[in-house]
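If you want the building blocks of each chain, they are given just below.
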Amino acid sequence: QVQLAEAGGGLVQAGGSLILSCAATGRAFGTYNLGWFRQAPGKEREFVAAIGWTSTRTYYTDPVKGRFTISRDNPKNTVFLQMNFLQPEDTAVYYCAAARSIRESFSDAREYDYWGQGTQVTVSS
């Protein structure tokens, strides 16, 4: 079983930056595909970014392209999400997720097997 724990959320003014981290337990961390999702109040959980187990492939939803960067540090069992130029529209609970394999799409939440509890990101205008 893989356990994920997010950290780094908080309150930031529009235009500011935050870096989220997700620490994982599990001996096969380096083979997992990893993703970040977010969910705003009253909204469906949406895909943010993902990274393949080789770290050579990354994927982003259009609203965050050029602002967010996903990365991973396999020796430390950690995945990161660097968020720059944050906007109020980015306010949400952010979740990290791990998938043993991706069958069709890195953006499909149903592909992921393990989820963290989430960390709140609030961007004030």
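One can find the structure itself at the top, above this paragraph.
This one's a predicted model, so the numbers in the text were calculated from it and none came from an experiment. (Residues numbered from 1 in each chain as written. Predicted model: local features only at pLDDT ≥ 70, side-chain atom pairs only at ≥ 80, totals over all residues. Heavy atoms only, no water.)

1. Quick word on the pattern of salt bridges
This is how the line gets drawn: Think of a salt bridge as a Lys or Arg side-chain nitrogen and an Asp or Glu carboxyl oxygen that are within 4 Å of each other. Accessibility here uses a 1.4 Å probe with only protein chains present; expressed as a share of the type maximum, an area under 20% marks a residue as buried, one over 50% as exposed, and anything in between as partly exposed. Helix and strand assignments come from DSSP, with helices taken as H or I runs of at least 4 residues and strands as E runs of at least 2, each series counted from the N terminus.
Considering all chains together, one arrives at seven salt bridges under this definition. The shortest N-O distance in the salt bridge between glutamate 46 and arginine 38 comes to 2.7 Å. Note on arginine 38: relative accessible area 4%, which makes it buried. Among the salt bridges present, the one from arginine 67 reaches aspartate 90, with a minimum N-O distance of 2.8 Å. A residue pair is termed long-range when its members are at least 10 positions apart, and arginine 67 in the loop between strand E6 (58–60) and strand E7 (68–73) and aspartate 90 in the loop between strand E8 (78–83) and strand E9 (92–99) qualify at 23 residues. The buried category is assigned to aspartate 90, whose relative accessible area is 2%. Members of the salt-bridge network, linked through shared partners, are Arg38, Glu46, Arg67 and Asp90.

2. Thoughts on unusual backbone geometry
If you check the backbone angles, asparagine 77 has positive phi at about 50° while not being a glycine. Tracing the chain through its elements places asparagine 77 in the loop between E7 and E8. The backbone of phenylalanine 85 shows a phi angle near 45°, a positive value even though the residue is not glycine. Mapped onto the secondary structure, phenylalanine 85 falls in the loop between E8 and E9.

3. Examining the environment of asparagine 74
What counts here: Whether two residues are in contact is decided by their heavy atoms, any of which lying within 4.5 Å being enough.
Along the polypeptide, asparagine 74 turns up in the loop between E7 and E8. Spatially, the C-alpha atoms of asparagine 74 and arginine 100 are 15 Å apart, while their sequence positions differ by 26 residues. In this structure asparagine 74 touches Phe29, Gly30 and Trp53, once residues within four positions along its chain are discounted.

4. Let's talk about the environment of threonine 56
Looking at where threonine 56 falls in the secondary structure, it is placed in the loop between strand E5 (46–51) and E6. Owing to a relative accessible area of 64%, threonine 56 belongs among the exposed residues under this scheme. A C-alpha to C-alpha distance of 9.9 Å links threonine 56 and serine 71, two positions 15 residues apart in sequence.

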